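Spelled out, the chains give:
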Amino acid sequence: MVKKYTEILTYDQEHLWHPYTSMATPLPSYLVEHAEGVYLHLSSGEKIIDGMSSWWSVVHGYNHPALNDAMKVQIDKFSHVMFGGLTHQPAVDLAEKLINLTPAGLNKVFLADSGSVAVEVAIKMAIQYQHSKNKPAKNRLLTIKNGYHGDTFAAMSVCDPVNGMHQLFSGFITENYFADAPQIGFNQTWHESELDSIKQQFNDNHQHIAALILEPIVQGAGGMRFYHPEFLKACRELCDQYDVLLIADEIATGFGRSGKLFACEHAGISPDILCLGKALTGGYLTLAATLCTEHVATIISEGEAGVFMHGPTFMGNPLACAAANASLDLLVNNDWQSQVSNIEAQLKTELLPLATNRNVENVRVLGAIGVIEAKYSVNMANIQKKFVELGVWIRPFGKLIYIMPPFVISRDELYKLTTAMAKIIDCDDLFNK
Ligand SMILES: *Cc1c(COP(=O)(O)O)cnc(C)c1O
């Protein structure tokens, strides 16, 4: 039965959960008919520019011929085979590309199904590692406040405890150690006192800490904050000093978004374990990866279990690997570095002057990420509607109005996004004042 678009939307509202929504008072969704380049074409007739890259992932735009072709070629061979005892070229090619692109020393690859699972895998690796080293008491994690690492339980246990409403799940969620979030911004003057809280945590609790997990340089969904590379450098040193593994969660920052291919490069460090996801397939399919060093893999494999204890049904899905391989080739062929630095320069020119607006607390730009932190939280339903009227797709949360556009966006299209942001922050009635 063919439904009219209004009927589809009504059914959606009555029966489908969307991310972090209420079923009692659902906000309206917008129905996408077709997507091409940086544009979402809505069934209601609007054509809007996606400023979110569908949450950091669609870096090359929608409906890209090279990505479409890579998947079509693979579909005609096979769409999936189990990864237990079988392998295939798309997975092997992907492992090789990831090992070559990522910071030095990471050369073992676990292909996971989503970002949250990649984080679960990283945490298991750290715990199995410490267990193998005969340090079973090192089975907790240290992290920094304001972080975001995913929605499954272990990942949630290292998200910001307030934002993540940990008290709702107390008794079920593991209690980990939280240091204060770094306060000194990416370009601000460094002070050693920034390390007080994290040093204290290492000093007091290292006997119980398997790994430090953090988002390098850019704290994404936990507040869109950019911190100083010296902080990350010091974390690497503290981990070494206290025999704690460093897990870098680059699920949002990976593949050029912060201006470096991986945000760890801002501090010139390599983690022991690295989580990747989001832009890995150019936003085509869910796929993530957890990489670790030879050393970590060897110690795990010498442990009591003798194996790494994880293996999902759809591990290493060939279609997703084919999309990822094509997306990584495009990054290089499109010269991601100039794409991102052009976006960064334009965001700085067009967004930084908005810092003086009466409704604005702070404006910050790093790589292809532009953030306006408002003084007040936004009225979500109204602001969404207004943005669509202005021809753009920007989805704020709380006080944060931010964009991380596809790398292929043109100057004029990006100008349309920043102009819409400038108009919105001038609308007093869209804020909860
Ligand atoms: C989005 C995100 C995750 C979770 O990834 P999912 O694919 O949504 O499970 C984990 N860590 C970071 C830093 C993220 O941005």
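Described in the following lines is the structure provided in the data block. What you are looking at is a predicted structure, and each value in this text was computed from that prediction instead of being measured.

## Remarks on the pattern of salt bridges
Line of reasoning, step 1. One pass over the structure, following the stated rule, counts 14 salt bridges.
Line of reasoning, step 2. The closest approach of N and O atoms between Lys135 and Asp243, which form a salt bridge, is 2.4 Å. Placement of Lys135 in the loop between helix H5 (115-132) and strand S5 (140-144) and of Asp243 in the loop between helix H8 (229-241) and strand S10 (245-249) is noted, with a sequence separation of 108 residues between them.
Line of reasoning, step 3. Overall, the relative accessible area of 33% leaves Lys135 in the partly exposed class.

## Some words on unusual backbone geometry
Line of reasoning, step 1. In this structure, Asn63 is a non-glycine residue whose phi angle is positive, near 55°.
Line of reasoning, step 2. Tracing the backbone shows Asn63 in the loop between helix H2 (53-56) and helix H3 (65-75).
Line of reasoning, step 3. Phi at Met224 takes a positive value of approximately 50°, unusual for a residue other than glycine.
Line of reasoning, step 4. Inspection of the secondary structure assignment puts Met224 in the loop between strand S8 (218-219) and strand S9 (225-226).

## Some points on the sheet that holds S10
Line of reasoning, step 1. As summarised here, the arrangement of the seven strands in space is S4-S12-S11-S10-S7-S5-S6, forming an open sheet in which the pairing is mixed. Where the open sheet ends on each side, the last strands, each with one partner, are strand S4 (106-112) and strand S6 (177-179). Between one strand axis and the next, the sheet turns by 20° as a mean value, whatever way the strands run.
Line of reasoning, step 2. Bridging between strand S11 (residues 273-276) and strand S12 (residues 288-293) involves four bridges; their strand directions are antiparallel. Counted as the bridge partner of Ile273 is Cys292 from S12.
Line of reasoning, step 3. Against the sheet, H8 engages S5, strand S7 (209-214) and S10, with an angle of about 170° to S7.
Line of reasoning, step 4. Where helix H9 (residues 294-301) meets the sheet, it contacts S4, S10, S11 and S12, and its direction lies at approximately 90° from that of S12.

## A look at the environment of Leu214
Line of reasoning, step 1. Along the chain, Leu214 falls in strand S7.
Line of reasoning, step 2. The contact partners of Leu214, leaving out residues within four places of it in the chain, are Ile144, His149, Tyr227, Phe231, Leu232, Cys235, Leu246, Ile247, Ala248 and Asp249.

Analysis parameters
- Residues numbered from 1 in each chain as written.
- Predicted model: local features only at pLDDT ≥ 70, side-chain atom pairs only at ≥ 80, totals over all residues.
- Heavy atoms only, no water.
- Salt bridge = Lys/Arg side-chain N within 4 Å of Asp/Glu carboxyl O.
- Helix = DSSP H or I, 4+ residues; strand = E, 2+ residues; numbered from the N terminus.
- Buried < 20%, exposed > 50% of the residue type's maximum accessible area, 1.4 Å probe, protein only.
- Pairing = 2+ DSSP bridges.
- Axes fitted to C-alpha atoms, helices over the stretch in contact; angles between N-to-C directions.
- Contact = heavy atoms within 4.5 Å.

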